[in-house]
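# Coordinate analysis (summary)
What follows is the residue order along each chain.
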Amino acid sequence: MRNQIDIRINENGYIVTVSIDGKEYQEVYVLQSRGIITRTFGDFENESEIPAPVKEALDSFMMFECVLALNKLP
């Protein structure tokens with residue numbers, strides 16, 4: 001597969017890996033106290049090789065909401 005997006009989500013945060021034309025880009029987000037999530041690695045906005053529609057699709061709260069939902073499990 002030439003182009004893909006992989007998202008791994010757990011109760012501590014999430015990792016997004018974007019592969020475009022064989023090159024890989026990654027952002028890592030970690031849940032801090034009081035429900036604040038912080039990007040600790042990577043910045044897709046500064047990657048000119050990632051097309052704008054991909055950046056726009058990834059600019060969502062869905063992943064953050066999944067982290068919070070996992071934290072509510074017993």
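Everything discussed here concerns the structure shown above.
Note that this is a predicted model, so its numbers are computed, not measured. (Residues numbered from 1 in each chain as written. Predicted model: local features only at pLDDT ≥ 70, side-chain atom pairs only at ≥ 80, totals over all residues. Heavy atoms only, no water.)

### Observations regarding the nonpolar core
Core analysis: the biggest nonpolar cluster contains twelve residues, these being Tyr-14, Val-16, Val-18, Ile-20, Tyr-25, Tyr-29, Phe-44, Ile-50, Val-54, Leu-58, Met-63 and Val-67. Listed by contribution, the elements that provide at least two residues to this core are strand 2 (13–20), strand 3 (23–31), helix 1 (52–58) and helix 2 (62–71). When residues of this core are assigned to their parent elements, the largest contribution, four residues, is made by strand 2. The contacts of Ile-20, once residues within four sequence positions are left out, are Arg-2, Asn-3, Tyr-25, Glu-49 and Pro-51. (Core = buried A, V, L, I, M, F, W, Y, C linked by side-chain atoms within 4.5 Å. Buried < 20%, exposed > 50% of the residue type's maximum accessible area, 1.4 Å probe, protein only. Helix = DSSP H or I, 4+ residues; strand = E, 2+ residues; numbered from the N terminus. Contact = heavy atoms within 4.5 Å.)

### Some details on unusual backbone geometry
Across the chain, the bulk of peptide bonds are trans and the bulk of non-glycine residues have phi less than zero. Not every positive phi belongs to a glycine, and Asp-21 is a case in point at roughly 50 degrees. Mapped onto the secondary structure, Asp-21 falls in the loop between strand 2 and strand 3. What makes Asp-21 exposed here is its relative accessible area of 52%.

### Observations concerning the pairing of strand 2
Counted residue by residue, strand 2 has seven buried out of eight residues, so it is predominantly covered. By the bridge criterion, seven bridges tie strand 1 (residues 4–10) to strand 2 in an arrangement that is antiparallel. Along strand 2, the bridge assignment pairs Arg-8 with Ile-15. Hairpin connection between strand 1 and strand 2: a loop of two residues separates the two successive antiparallel strands. Sheet topology places strand 2 next to strand 3; eight bridges connect them, and they run antiparallel. Across the sheet, the residue bridging to Ile-15 is Val-28, located in strand 3. Once strand 2 ends, the chain turns through two residues before running back antiparallel as strand 3, passing Asp-21 with a positive phi of about 50 degrees. (Pairing = 2+ DSSP bridges.)

### Regarding the layout of surface pockets
Roughly 310 Å³ of internal volume is contained in the largest pocket. Along its surface, the largest pocket is lined by 16 residues, and Glu-27, Tyr-29, Leu-58, Asp-59 and Ser-60 are the ones closest to its centre. Those elements that place two or more of their residues in the lining of the largest pocket are strand 2, strand 3, strand 4 (37–41), helix 1 and helix 2. Of the residues belonging to the lining of the largest pocket, the class tally is nine nonpolar, one polar and six charged. (1 Å grid on protein atoms, 1.4 Å probe; cavity = no way out; pocket = protein on both sides within 12 Å on 5 of 7 lines; lining within 4 Å. Points joined across faces, edges and corners; volume = space filled by probe spheres on them. Nonpolar A, V, L, I, M, F, W, Y, C, P; charged D, E, K, R; others polar.)

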